[in-house]
Amino acid sequence: MVSAAVVLREDNAIERPAALLSRAEVLTRYRHLREISRQHHSAVLDFLSKDTIISQARRLGLAQGKTLLLDSMDDLNFVFDLAIHTAKDRSRAIDRYARAVRLAPGFDETLMLEAMRRARFAIISIVRRHPVAGLIVKDLFRGVEVWLVDEGLESSLPAGAALATRLFTPEGFAMTAGVLVPLDIELIEDAIADTPQLLRNRREELIDDRRFAEAIYRVALASGLMEQVAYQDTIAEAG
């Protein structure tokens, strides 16, 4: 469990205009916040029951009965992503965790937890490198550009590459929640065909429907696509 007895936030370099930041300042801040997000992610797993994990795994084709069927332990990242950040007819694990820890305002731990609670599934395309650090990406469904800081993706993805991920934005930049699916239009079409109920949604509703993320993960896992993705420190690199 993350303790509420933590050190108050120090001067936040990211509150300065991006043009005045150095790469070292951005990456130092990013690594600090990434470590806090890992701590939260580890702690929130205690708020997931075994039945919830198995049920979500079955919906992704990763379990039969009560037995997990995994090609890699990394496959569980997709189970945890959906089980933590989404829920059907019940509270989300991330919200139950937040109520339990009751962190006070003004702490980086609180900043990150609130950002994680606001995390949104997104399909993004790499537009260009950010002049300081990270990438400028286009959220293709919401039609906005986002400053994404992610050392693994910055070093591995070319402009134009598309992927599905979950983003949270603690400050001026966004971060990934730890899942990544390399995408093309065929995979998106297969995901929608796999879950025809999604066709009832308008475009702007589709991206926020938990079944859309679930379908993309399920199709990507079944296709063997994720066997070509190597995870680097909770971030995936397309191979």
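(A) Just the environment of Arg142, in detail. Locating Arg142 in the fold gives a position in the loop between β4 (135–139) and β5 (144–148). Taking C-alpha positions, Arg142 is 9.0 Å from Ile123, a pair spaced 19 residues apart along the chain. Contacts of Arg142, omitting those with residues within four sequence positions, involve Arg120, Phe121, Ala122, Ile207 and Asp208. Side-chain polar atoms of Arg142 contact the backbone oxygen of Phe121, separated by 3.0 Å. A polar contact of 2.9 Å, which involves the side chain of Arg142, links it to the side chain of Asp139.

(B) Fine view of the pattern of salt bridges. Summed over the entire model, instances satisfying the criterion amount to 20 salt bridges. Between Arg142 and Asp208 there is a salt bridge whose closest N-O contact spans 2.7 Å. Placement of Arg142 in the loop between β4 and β5 and of Asp208 in the loop between α8 (203–206) and α9 (210–223) is noted, with a sequence separation of 66 residues between them. Owing to a relative accessible area of 23%, Arg142 belongs among the partly exposed residues under this scheme. Judged by its relative accessible area of 46%, Asp208 is partly exposed. Via salt bridges that share partners, Arg59, Asp194, Arg210, Glu214 and Arg218 belong to a single interconnected network.

(C) Highlighting the sheet that holds strand β3 (residues 120–129). Reading across from one edge, β5-β4-β3-β6-β7 is the order of the five strands in this open sheet, with antiparallel pairing throughout. This sheet does not close on itself; its edge strands, each paired only once, are β5 and β7 (175–182). Strand-to-strand, the axes of this sheet are offset by a mean angle of 40°, without reference to chain direction. With five bridges connecting them, strand β6 (residues 162–168) and β7 associate as antiparallel partners. Note that in β7 the partner of Leu163 across the bridge is Pro182. Its contacts with the sheet place helix α1 (residues 23–44) against β5, β6 and β7, and it is angled at close to 85° to β7.

(D) Region of the structure containing the nonpolar core. Ranked by size, the top nonpolar core spans 66 residues in total, and within it Phe121, Ile123, Val181, Phe212, Ile216 and Tyr217 carry the most contacts. Examining the composition of this core, we find that eight residues originate from one element, α9, more than from any other. Setting aside its immediate chain neighbours within four residues, Ile123 contacts Lys138, Asp139, Leu140, Phe141, Leu163, Ala164, Leu183, Ile188, Ile207, Phe212 and Ile216.

(E) Molecular detail of the packing of aromatic side chains. Applying the stated rule across the entire model yields six aromatic pairs. Measuring from ring centre to ring centre gives 5.9 Å for Phe121 and Tyr217, while their planes differ by 80°; the resulting arrangement is edge-to-face. Separated by 96 residues along the polypeptide, Phe121 in strand β3 and Tyr217 in helix α9 bring together distant segments of the chain. Across the pair, exposure class does not vary: Phe121 and Tyr217 are buried alike. An angle of 70° between the planes, with centres 5.8 Å apart, marks the rings of Trp147 and Phe173 as edge-to-face. Of the two residues, Trp147 sits in strand β5 while Phe173 sits in the loop between β6 and β7, which places them 26 residues apart along the sequence. The pair formed by Trp147 and Phe173 is uniform in burial state, with each residue classed as buried. Taken together through their ring pairs, the aromatic side chains of Phe78, Phe121, Phe141, Phe212 and Tyr217 make up a single cluster.

(F) Quick peek at the packing of α1 against helix α5 (residues 108–117). Across the interface, α1 lies against α5 with an axial gap of 9 Å and an inter-helix angle of 70°. Judged by the angle between their axes, α1 and α5 are roughly perpendicular. Between α1 and α5 lies a crossing of right-handed hand. Note on element contacts: α5 touches α1 through Asp108, Glu109, Leu111, Met112, Leu113 and Met116, opposite Arg29, His32, Leu33, Ile36, Ser37, His40 and His41. Considered class by class, the residues forming the contact of α1 with α5 number six nonpolar, four polar and three charged.

(G) How the structure looks around the side chain of Thr165. Summarising the element assignment, Thr165 is placed in strand β6. Ignoring anything within four residues of it in the chain, the contact list for Thr165 reads Arg120, Phe121, Ala122, Ile124, Thr176 and Val179.

(H) Representation of helix α2 (residues 50–59). Taken together, the buried positions of α2 are Thr52, Ile53, Ile54, Gln56 and Ala57. Of the surrounding secondary structure, the elements contacted by the buried residues of α2 are β1 (63–64), β2 (67–68), α3 (76–85) and α9. The first or second residue beyond α2 is Gly61, which carries a positive phi of 75°.

How each quantity is defined
- Residues numbered from 1 in each chain as written.
- Predicted model: local features only at pLDDT ≥ 70, side-chain atom pairs only at ≥ 80, totals over all residues.
- Heavy atoms only, no water.
- Helix = DSSP H or I, 4+ residues; strand = E, 2+ residues; numbered from the N terminus.
- Contact = heavy atoms within 4.5 Å.
- Polar contact = N/O pair within 3.5 Å; in protein donor to acceptor, adjacent residues only side chain to side chain.
- Salt bridge = Lys/Arg side-chain N within 4 Å of Asp/Glu carboxyl O.
- Buried < 20%, exposed > 50% of the residue type's maximum accessible area, 1.4 Å probe, protein only.
- Pairing = 2+ DSSP bridges.
- Axes fitted to C-alpha atoms, helices over the stretch in contact; angles between N-to-C directions.
- Core = buried A, V, L, I, M, F, W, Y, C linked by side-chain atoms within 4.5 Å.
- Phe/Tyr/Trp six-rings, centres within 6.5 Å; stacked < 30°, edge-to-face > 60°.
- Parallel < 35°, antiparallel > 145°, perpendicular 65-115°, else oblique.
- Left-handed = near helix turned anticlockwise from the far one by under 90°.
- Nonpolar A, V, L, I, M, F, W, Y, C, P; charged D, E, K, R; others polar.

Any functional reading would require information beyond the geometric quantities listed.
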